[in-house]
Amino acid sequence: MAFTDGIRRTMSSDERARIATKAGWFADARHEAGVIFDRSGAAVLTYALFADGQADADNFGATHPAVRARAAMGPKFLAAVDRLGGTGTAYRTTVQRPSNGG
């Protein structure tokens, strides 16, 4: 659910790949935490968002106000990170190539 409904909801696939996130929705709480990487793959920003006591507790969809707020914050986080340069280890996704084992 967090991949499409968290801070990455309105992002492109390339932008989404730069964010590792974990979210939890339970009763009237909507929480999300994660790490954002710069374009070279170095971790530059960590975030934790906690929203307890939310109205419309049965709404777990993209129309929930807390989800909409996160979707608006995500691109702003990425824009802020794009102005920074990471100094740590760069992590890149490995390109997977299909094979039939032969």
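(A) Helix H3 (residues 65-82), seen in detail. Between the first and last C-alpha of H3 there are 27 Å, a value that for 18 residues agrees with the 26 Å anticipated at 1.5 Å per step. Among all positions of H3, only Ala-66, Val-67, Arg-70, Ala-71, Gly-74, Leu-78 and Val-81 are buried.

(B) Structural context of the packing of aromatic side chains. Applying the stated criterion across every chain, the model contains 1 aromatic pair. Measuring from centroid to centroid gives 5.8 Å for Tyr-47 and Phe-77, while their planes differ by 50 degrees, and the two rings are tilted. With Tyr-47 in strand S3 (residues 43-51) and Phe-77 in helix H3, this residue pair connects regions lying 30 residues apart in the sequence. According to the relative accessible area criterion, Tyr-47 is buried, its value standing at 8%.

(C) Layout of the sheet that holds S3. Here 3 strands make up an open sheet; going across it, the order is S1-S2-S3 and the pairing antiparallel. The outermost strands of the open sheet, each flanked by one partner alone, are strand S1 (19-26) and S3. Looking at each pair of strands side by side, their axes are set apart by 5 degrees on average, direction ignored. Note: strand S2 (residues 29-37) against S3, 8 bridges, orientation antiparallel.

(D) Focus on the nonpolar core. In this structure, Ile-7, Met-11, Ile-19, Ile-36, Tyr-47, Leu-49, Leu-78 and Val-81 together form the largest nonpolar core, which totals 8 residues. For this core, the secondary-structure elements that each account for two or more residues are S3 and H3. In contact with Leu-78, not counting residues within four places along its chain, are Met-11, Glu-15, Arg-18, Ile-19 and Ile-36.

(E) Main features of the pattern of salt bridges. Within the structure shown, the criterion is met by 3 salt bridges. One salt bridge in this structure joins Arg-18 and Asp-82, with 2.8 Å as the shortest N-O distance. Note that Arg-18 is positioned in the loop between helix H2 (13-16) and S1 and Asp-82 in helix H3, a separation of 64 residues in sequence. Classification of Asp-82 as partly exposed rests on a relative accessible area of 35%. Between Asp-82 and Arg-39 there is a salt bridge, with the nearest N and O atoms lying 3.0 Å from each other. In this pair, Asp-82 sits in helix H3 while Arg-39 sits in the loop between S2 and S3, placing the two residues 43 residues apart along the sequence. A residue is classified by how much of its surface remains accessible, and Arg-39, at 66% relative accessible area, is exposed.

(F) Up close: the environment of Met-11. Among the structural elements, Met-11 can be located in the loop between helix H1 (2-5) and H2. Owing to a relative accessible area of 7%, Met-11 belongs among the buried residues under this scheme. Ignoring anything within four residues of it in the chain, the contact list for Met-11 reads Arg-16, Ile-19, Gly-74, Pro-75 and Leu-78.

Conventions used here
Residues numbered from 1 in each chain as written. Predicted model: local features only at pLDDT ≥ 70, side-chain atom pairs only at ≥ 80, totals over all residues. Heavy atoms only, no water. Helix = DSSP H or I, 4+ residues; strand = E, 2+ residues; numbered from the N terminus. Expected span 1.5 Å × (residues − 1). Buried < 20%, exposed > 50% of the residue type's maximum accessible area, 1.4 Å probe, protein only. Phe/Tyr/Trp six-rings, centres within 6.5 Å; stacked < 30°, edge-to-face > 60°. Pairing = 2+ DSSP bridges. Axes fitted to C-alpha atoms, helices over the stretch in contact; angles between N-to-C directions. Core = buried A, V, L, I, M, F, W, Y, C linked by side-chain atoms within 4.5 Å. Contact = heavy atoms within 4.5 Å. Salt bridge = Lys/Arg side-chain N within 4 Å of Asp/Glu carboxyl O.

Geometric descriptors of this kind do not, in isolation, establish any biological role.
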